[in-house]
Amino acid sequence: MPFKSGEREYRVFSSVAAIPSSDENTPAYQVKGRAVVFDSPTCLAEFEGVKYFEIIDRNAFIGCDTSDVIMNYNHGGKVVARLRNHTLKLDFNSEGVDVIADLSGTDEGRKLWEEIRGGYIDKMSFAFTVADDGEEYDAETHTRRVTKIRKLYDVSAVDMPAYEQTSISARKSFETERQKDFEKLEQERRRKVAIAMTYI
């Protein structure tokens, strides 16, 4: 397996938006977004013109520990919503994982809602670990498919889709795969040279 299991990883996928309060039954500080997109290749790294992709399989969350997922800002700071107190809801559907959160309970949450409404923060991310047997790698397409996520830690509103910071473990693993690809090509070149030399 190219990736080290057990290491927490972070991915930025989609947008988050404030829901306008249209009536008295709608919480005043509600946001919705999509934290995870299924079966969509995302380029996580590029080395010398070769792109390395990742796909989150639509079945990756089956059996996943989602016992107490939280929502926060940039994967840090104070919790602004969580599953355990029912201020956070997750919808695992055929396209991805959708999020609805009530941010009215804390000062930080209400401030975050205002920043989301104003368009200053408009992306969502999620933090997770992959199960030991939860990934496949296709050397032909340079694609890692995550098939089983062990634990979902949080969904976060983020200001920057900072793959450079949040995918360090992924990038290191892709570097390992790149080295394997290079060694394979070099072995093939040497084999062809050896065959050519037998005809001289």
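Details of the structure are given in the entry above.
Not measured: the values here are computed from a predicted model. (Residues numbered from 1 in each chain as written. Predicted model: local features only at pLDDT ≥ 70, side-chain atom pairs only at ≥ 80, totals over all residues. Heavy atoms only, no water.)

Here we take up the overall build of the protein chain. Broken down by element type, the protein chain carries three helices and twelve strands. Expressed as a percentage of the 200 residues in the protein chain, the buried residues total 40%. Accessible area of the protein chain: about 11,300 Å², with a carbon and sulfur share of 50%. (Helix = DSSP H or I, 4+ residues; strand = E, 2+ residues; numbered from the N terminus. Buried < 20%, exposed > 50% of the residue type's maximum accessible area, 1.4 Å probe, protein only. Areas by Shrake-Rupley, 256 points an atom, 1.4 Å probe, with all protein chains shown as cover.)

With that settled, the discussion passes to the environment of Glu114. As for its position among the elements, Glu114 is in helix H1 (residues 107–117). The class of Glu114 is partly exposed, set by a relative accessible area of 35%. Put simply, Glu114 and Tyr29 are 85 residues apart on the chain and 8.4 Å apart in space, counted from C-alpha to C-alpha.

Burial analysis of strand S12 (residues 149–158) places seven of its ten residues in the buried class, the great majority of the element. Taken together, the eight bridges between strand S9 (residues 123–130) and S12 define a ladder with antiparallel strand orientation. Among the inter-strand pairings, Thr129 is bridged to a residue of S12, identified as Lys151. (Pairing = 2+ DSSP bridges.)

The subject of this paragraph is the pairing of strand S3 (residues 42–47). In the sheet, S3 pairs with strand S4 (residues 50–56) via five bridges, with the strands oriented antiparallel. Bridged to Thr42 within S4 is Glu54. The loop that links S3 with its antiparallel partner S4 comprises two residues; one of these, Glu48, has a positive phi angle of about 50 degrees.

On to the packing of aromatic side chains, then. Aromatic ring pairs are defined here through the distance separating the ring centres and the angle between the ring planes. Under the definition given, this model contains five aromatic pairs. Between Phe38 and Phe61, the aromatic rings sit 6.1 Å apart at their centres with planes inclined by 45 degrees, giving tilted as the arrangement. Taken together, the residues span a long stretch of sequence, with Phe38 in the loop between strand S2 (30–37) and S3 and Phe61 in the loop between S4 and strand S5 (70–73) at a distance of 23 residues. Residue classification places Phe38 among the buried positions, given a relative accessible area of 7%. The interplanar angle of 50 degrees and the centroid separation of 6.4 Å between the aromatic rings of Phe61 and Phe126 together place this pair among those described as tilted. Note that Phe61 is positioned in the loop between S4 and S5 and Phe126 in strand S9, a separation of 65 residues in sequence. Of the two residues examined, Phe61 and Phe126, each falls in the buried class. (Phe/Tyr/Trp six-rings, centres within 6.5 Å; stacked < 30°, edge-to-face > 60°.)

Another point: the sheet that holds S3. Taken together, four strands build an open sheet; the order of strands is S3-S4-S11-S10 and the sheet is mixed. Of all the strands in the sheet, the pair left with one neighbour each is S3 and strand S10 (135–138). The sheet shows a mean angle of 20 degrees between the axes of neighbouring strands, direction not considered. The pairing of S10 with strand S11 (residues 143–146) spans four bridges and is classified as antiparallel. Residue Tyr137 lies in a different strand from S11, and its bridge partner there is Arg144. (Axes fitted to C-alpha atoms, helices over the stretch in contact; angles between N-to-C directions.)

One pass over the structure, following the stated rule, counts 14 salt bridges. Ionic contacts of the salt-bridge type, sharing partners, join the residues Arg11, Glu54, Glu135 and Arg144 into one network. (Salt bridge = Lys/Arg side-chain N within 4 Å of Asp/Glu carboxyl O.)

By the secondary structure assignment, Gln30 is in strand S2. Among the residues examined, Gln30 registers a relative accessible area of 16% and is labelled buried. Beyond its immediate chain neighbours, meaning those up to four positions away, Gln30 contacts Ala17, Ala18, Ile19, Ile100, Ala101, Asp102 and Trp113. (Contact = heavy atoms within 4.5 Å.)

Residues separated by three or four positions in an α-helix point in the same direction, a consequence of the helix having 3.6 residues per turn. For H1, every residue scored as buried is listed here: Gly109, Leu112, Trp113 and Ile116. Down the axis of H1, the smallest arc covering the buried residues is 105 degrees, so these residues share one side. Across H1 from its buried face, at more than 90 degrees, point the exposed residues Asp107 and Lys111. After H1 finishes, the residue Gly119 shows a positive phi value of roughly 85 degrees. (Arc of directions from axis to C-beta.)

Phe61, Met71 and Phe126 are the most contacted members of the largest nonpolar core, which has 33 residues in total. Listed by contribution, the elements that provide at least two residues to this core are strand S1 (9–19), S2, strand S6 (76–82), strand S7 (88–92), strand S8 (96–102), H1, S9 and S12. If near-sequence neighbours (up to four positions away) are discounted, Met71 is found in contact with Val31, Val79, Val80, Ala81, Leu88, Ala101, Leu103, Met124, Val155 and Ala157. (Core = buried A, V, L, I, M, F, W, Y, C linked by side-chain atoms within 4.5 Å.)

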